[in-house]
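# Structural features, examined
Chain residues, written in single-letter form:
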Protein chains: 2
Amino acid sequence: MATVVNMAGFGFSCLSQPVRGVRRGAVIVRAEAEGVAINPAIRKSEEKVVDSVVVAELSKPLTAYCRCWRSGTFPLCDGSHVKHNKATGDNVGPLLLKKQKE
Amino acid sequence: MATVVNMAGFGFSCLSQPVRGVRRGAVIVRAEAEGVAINPAIRKSEEKVVDSVVVAELSKPLTAYCRCWRSGTFPLCDGSHVKHNKATGDNVGPLLLKKQKE
């Protein structure tokens, strides 16, 4: 039977029923995002990554801002959330700034 | 000596040198955010959480939008990133929408 180590604070859950295809005694860790950093690499030298936008200076009718912390054009969205969601089963998406109501 | 299980795809790293204060043979998992979902609970029934803001309708000079996926007032920021950063060593912060340049 496979057992998961419940790492307090890391937000990993405990799973003790048999898991198909996993050898006896294997350790499985099911990571849930609760206690895990969400920004792997963006501006890690900064204590807190805060961006501001002067909305009067927006040039396009619609500008998408990243909220998945994987964009190559951060703080702007470059669609990286699609790959992230697919790889992790997450459902994050951008913040869209619209100059006018449609 | 303590060894970390390197779980391919989960973004956990391999750490095989001795770790102070950890009993021999202990399993340590150092979670890095690469392969982990970042939104634990916000609108999980939605396939992708996208929010849009008509900037002409912003009421306050400054409005903070959440990027840590922990705010109780999502999509608006309620400061939850402070607790998240402290608990995980992360450095995420909000997107600030300013009506005018300062």
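Read on for an overview of the structure. (Residues numbered from 1 in each chain as written. Chains lettered and ligands numbered in written order. Predicted model: local features only at pLDDT ≥ 70, side-chain atom pairs only at ≥ 80, totals over all residues. Heavy atoms only, no water.)

This brings us to helix 1 (residues 80-88) of chain A. All names here are of chain A. When we look at burial in helix 1, the residues that qualify are Ser80, His81, His84 and Asn85. Angularly, the buried residues of helix 1 cover 130° about the axis, an arc narrow enough to put them on a single face. Residues of helix 1 that are exposed and angled more than 90 degrees away from the buried face: Lys83, Lys86 and Ala87. Summarising the contacts, the buried residues of helix 1 are in contact with strand 5 (92-98). Gly89 lies just past helix 1 and shows a positive phi near 75°. (Buried < 20%, exposed > 50% of the residue type's maximum accessible area, 1.4 Å probe, protein only. Helix = DSSP H or I, 4+ residues; strand = E, 2+ residues; numbered from the N terminus. Arc of directions from axis to C-beta. Contact = heavy atoms within 4.5 Å.)

On inspection of all chains with the given rule, the structure shows 10 salt bridges over all chains. With a shortest N-O distance of 3.0 Å, A:Asp90 and B:Lys44 are connected by a salt bridge. Taken together, the positions of A:Asp90 in the loop between helix 1 and strand 5 and B:Lys44 in the segment before strand 1 (49-54) put the pair across two chains. In this structure, the salt-bridge partner of B:Glu46 is B:Arg43, at a minimum N-O distance of 2.7 Å. Judged by its relative accessible area of 29%, B:Glu46 falls in the partly exposed class. (Salt bridge = Lys/Arg side-chain N within 4 Å of Asp/Glu carboxyl O.)

Moving on: the interface of chain A and chain B. Taken residue by residue, the interface counts 56 residues in chain A and 53 residues in chain B. Carbon and sulfur atoms make up 61% of the area that chain A and chain B hide from each other, which totals about 4600 Å². Sorting the residues of chain A by area buried against chain B places A:Ile38, A:Arg67 and A:Asn91 first, and these three jointly supply 15% of that buried surface. Our count for the contact surface shared by chain A and chain B stands at 6 salt bridges. As a salt-bridge pair, B:Glu57 and A:Lys101 come within 3.6 Å of each other at their nearest N and O atoms. On the surface where chain A and chain B come into contact, there are 36 residue pairs in polar contact (both at pLDDT 80 or more). (Buried area = accessible area lost by both parts, 1.4 Å probe. Polar contact = N/O pair within 3.5 Å; in protein donor to acceptor, adjacent residues only side chain to side chain.)

It is worth spelling out the side chain of B:Arg67 at this point. With respect to the helices and strands, the residue B:Arg67 is situated in the loop between strand 2 (62-65) and helix 1 (80-88). Taking the relative accessible area as the measure of exposure, B:Arg67 reaches 2% and is therefore buried. In this structure the side chain of B:Arg67 is engaged in a polar contact, spanning 2.8 Å, whose partner is the side chain of A:Asp51. Within the structure, B:Arg67 has its side chain in polar contact with the backbone oxygen of B:Gly93 (distance 2.8 Å).

A separate point is the pairing of strand 4 (residues 62-65) of chain A. All names here are of chain A. Only one face of strand 4 is covered, namely the one carrying Thr63 and Tyr65; the face carrying Leu62 and Ala64 has none of its residues buried. Alignment of strand 4 against strand 5, held across 4 bridges, turns out to be antiparallel. Each bridged residue has a counterpart across the sheet, and for Tyr65 the counterpart in strand 5 is Leu95. (Pairing = 2+ DSSP bridges.)

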